[in-house]
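# Structural overview for review
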Amino acid sequence: MKQRKFRALRDDMNCTWVYGSLLYAGDIPRIQEQPLFDLFTTCLKGTECEFTGLQDKNGKDIYEGDVVNHEDAHGPCIIEYQPA
């Protein structure tokens, strides 16, 4: 079974990516970074991306919305992901 994990931009001055489980408080996305703790990071709405289950040639996880170069494509491609 594919691991379901997400990333979203942290809702603070740094706007860094946070990774973990995605939950919503109303319509505000939150990421639970550590499943053993009840700590949630509030994120910017619209920046939530799901892990595709794929990695690039360097072993880095690929998330929906990532821009990648593919040798068969004619330029950069944006990843669109629909979970099964």
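The notes below deal with the structure included here. None of these values were measured; they are calculated from a predicted model. (Residues numbered from 1 in each chain as written. Predicted model: local features only at pLDDT ≥ 70, side-chain atom pairs only at ≥ 80, totals over all residues. Heavy atoms only, no water.)

## Focus on the environment of Trp 17
To keep things clear, this is the line we draw: Starting at the N terminus, helices and strands are each numbered in turn, a helix being any DSSP run of H or I of at least four residues and a strand any DSSP run of E of at least two. Throughout this description, buried means an accessible area under 20% of the type-specific maximum (1.4 Å probe, protein chains only), exposed means over 50%, and partly exposed covers the range between. In this analysis, two residues are considered to be in contact whenever any of their non-hydrogen atoms come within 4.5 Å of each other.
Along the polypeptide, Trp 17 turns up in strand β2 (residues 17–25). The exposure class of Trp 17 is partly exposed, given its relative accessible area of 36%. Through-space distance from the C-alpha of Trp 17 to that of Phe 6 is 9.9 Å; in sequence the pair is 11 residues apart. When sequence neighbours within four positions are dropped, the list of residues in contact with Trp 17 reads Arg 7, Ala 8, Leu 9 and Thr 47.

## A word on the pattern of salt bridges
For clarity, the threshold we go by: Salt-bridge detection follows one rule: a side-chain nitrogen of Lys or Arg within 4 Å of a carboxyl oxygen of Asp or Glu.
The full count for this structure, using the stated rule, is five salt bridges. Residues Arg 10 and Asp 12 are paired through a salt bridge, measuring 3.8 Å at the closest nitrogen-oxygen approach. A relative accessible area of 22% places Arg 10 in the partly exposed class. Its relative accessible area of 31% is what places Asp 12 among the partly exposed residues. Its salt-bridge partner being Lys 45, residue Asp 27 comes within 3.2 Å of it at the nearest N-O pair. Of this pair, Asp 27 sits in the loop between β2 and β3 (28–32) while Lys 45 sits in the loop between β4 (41–42) and β5 (49–55), placing them 18 residues apart in sequence. By relative accessible area, which is 58% here, Lys 45 ends up exposed.

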